[in-house]
Amino acid sequence: MQSVKKPWLLAAALFLVIVCVAGFSQLHQKPTQPLAAAETSPLATSTVPVATTTTVKRPASSGTQSFPINPSDKIVSWDFKGAYAGNADLEAQAAADKAKLEALMGTSTYDDYDLYIGLGNDDNLLGDGAGAYKNFNRSISIHPKKGLAYVNLAHLMDELGAYETAADAYSAAVSVEPGMLEYHLERLKYLTRQFGADTARIINAFADANKQFGDTAPVIAIEASWLTAQGHYPEAVKAWELVKTLSPGKDMSAVDAEIARLEAKQ
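Reading the values: rules and limits
- Residues numbered from 1 in each chain as written.
- Predicted model: local features only at pLDDT ≥ 70, side-chain atom pairs only at ≥ 80, totals over all residues.
- Heavy atoms only, no water.
- Axes fitted to C-alpha atoms, helices over the stretch in contact; angles between N-to-C directions.
- Helix = DSSP H or I, 4+ residues; strand = E, 2+ residues; numbered from the N terminus.
- Parallel < 35°, antiparallel > 145°, perpendicular 65-115°, else oblique.
- Left-handed = near helix turned anticlockwise from the far one by under 90°.
- Contact = heavy atoms within 4.5 Å.
- Nonpolar A, V, L, I, M, F, W, Y, C, P; charged D, E, K, R; others polar.
- Buried < 20%, exposed > 50% of the residue type's maximum accessible area, 1.4 Å probe, protein only.
- Lys, Arg positive; Asp, Glu negative; His and termini not counted.
- Salt bridge = Lys/Arg side-chain N within 4 Å of Asp/Glu carboxyl O.
- Polar contact = N/O pair within 3.5 Å; in protein donor to acceptor, adjacent residues only side chain to side chain.
- Expected span 1.5 Å × (residues − 1).
- pLDDT = per-residue confidence, 0-100.
- Phe/Tyr/Trp six-rings, centres within 6.5 Å; stacked < 30°, edge-to-face > 60°.
- Lys NZ or Arg CZ within 6 Å of the ring centre and 35° of its normal.

J.: I keep staring at the packing of helix H9 (residues 199-213) against helix H10 (residues 217-229) and nothing clicks. Help me out?
T.: Each pair of packed helices can be summarised by the angle the axes make with each other and by the distance between the axes. Viewed as axis vectors pointing N to C, H9 and H10 meet at an angle of 165°, and their least axial separation amounts to 11 Å. With respect to each other, H9 and H10 are oriented roughly antiparallel. Here the hand of the crossing between H9 and H10 comes out left-handed. Contacts between H9 and H10 involve Thr199, Ile202, Ile203, Phe206 and Ala209 from the former and Val219, Ile222, Glu223 and Trp226 from the latter. Of the residues assigned to the contact of H9 with H10, the class counts are 7 nonpolar, 1 polar and 1 charged.

In structure tokens form, the structure reads like this:
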């Protein structure tokens, strides 16, 4: 398959490379944190909560067109155990943050798009999937050509078990902002974890990233981990060698160890 590249937009690019090597945690763990809107805005960043199976509640209408739930998905419950659940102080903190964000709405101090993302992240902390879905959709209605709300909505759908909807949301993010490498990385990590055997889908996602960036180390690292998980060891070794080539001056001892491990399997 075609490999991928160009300088990453984020300072933590090569950190991802090492993380992918160390136990392939990026392939097998769900995302732990939605993306924040901007460091200068008062937005909450949240740990994505774990879905539970309680009585089904449909989200209240947000007054905007909602991102569609894929027909293949069935959300058993819109409620889950939020990261702040059971901690009265943290729950109060999230509630206070929501009140602050709501007070800023419409004041032009911050873009309402960012404020709704902050509200959605607070809802995640509190375990309110319906509220998070509503607020992320409100963000999308303001700036449908910005990718961040789609990515955070994808995180939410992943946790709610709506896996095709999550894939749709990641695709929307890279479609509206194809030049944002971070969104491609989030999508690729998700697809290779959740749909690892769907080769055609994953090859297409790597091709989307390649079209924008060429070969870049964090994308190739995800590719190498995916190839390893599928048992394609020679191809994975070639991918890790490319990661080394694309990372001059960096400590590649973990990559070297992984290459040696894979070569021993051949």
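Having put the structure on the table, let's press on.
J.: Would you explain the side chain of Asp73 in this entry?
T.: Position of Asp73 among the secondary structure elements: in the loop between strand E1 (50-51) and strand E2 (80-81). An unpaired buried charge is present at Asp73: no salt bridge exists, and Arg201, the closest side chain of opposite charge, is 8.9 Å distant. Of note is the side chain of Asp73, whose polar atom sits 3.2 Å from the backbone nitrogen of Glu164. In contact with Asp73, other than residues within four places in its own chain, are Gly161, Ala162, Tyr163, Glu164 and Thr165.

J.: Teacher, can you tell me more about helix H8 (residues 181-194) here?
T.: Count 3.6 residues to each turn of an α-helix, and residues three or four apart come out pointing the same way. Helix length check: H8 (14 residues) gives 20 Å between terminal C-alpha atoms against 20 Å at 1.5 Å per residue, within 8%. H8 sits mainly inside the fold: 12 of its 14 residues count as buried. Leu181, Tyr183, His184, Leu185, Glu186, Arg187, Leu188, Lys189, Tyr190, Leu191, Thr192 and Arg193 are the residues of H8 that are buried.

J.: Where do I start with the pattern of salt bridges in this structure?
T.: Pairs may arise between side chains of opposite charge once their charged atoms sit close together. Under the defined criterion, the tally for this structure stands at 8 salt bridges. The shortest N-O distance in the salt bridge between Asp158 and Arg193 comes to 2.6 Å. Separated by 35 residues along the polypeptide, Asp158 in helix H6 (residues 148-159) and Arg193 in helix H8 bring together distant segments of the chain. Relative accessible area serves as the criterion here: at 0%, Asp158 is assigned to the buried category. Residue Arg193 is classed as buried on the basis of its relative accessible area of 16%. A salt bridge links Arg201 to Asp198; the nearest nitrogen and oxygen atoms lie 3.0 Å apart. By relative accessible area, Arg201 is classed as partly exposed at 24%. Where salt bridges share partners, they join Glu164, Asp198 and Arg201 into one cluster.

J.: Quick question: what am I supposed to make of the confidence of the model for the protein chain here?
T.: In low-pLDDT regions, the fine details of the predicted coordinates are not to be read closely. Summarising the model, the protein chain shows a mean pLDDT of 82, and 76% of its residues fall at 70 or more. Between residues 38-62, whose pLDDT stays under 50, and residues either more than four places distant or in other chains, the model counts 71 contacts.

J.: Looking at this model, I keep getting lost on the packing of aromatic side chains. Mind explaining?
T.: Centre-to-centre distance and the angle between the planes together describe a pair of aromatic rings. Counted according to the given criterion, the structure contains 5 aromatic pairs. Seen in terms of ring centroids, Phe67 and Tyr150 are 6.0 Å apart; in terms of plane orientation they differ by 70°. Their pairing is edge-to-face. With Phe67 in the loop between E1 and E2 and Tyr150 in helix H6, this residue pair connects regions lying 83 residues apart in the sequence. The cationic tip of Lys146 hangs over the ring face of Tyr113; the distance from NZ or CZ to the ring centre is 5.2 Å. Geometry around Phe195 places Arg201 over its ring, the cationic atom sitting 4.0 Å from the centre.

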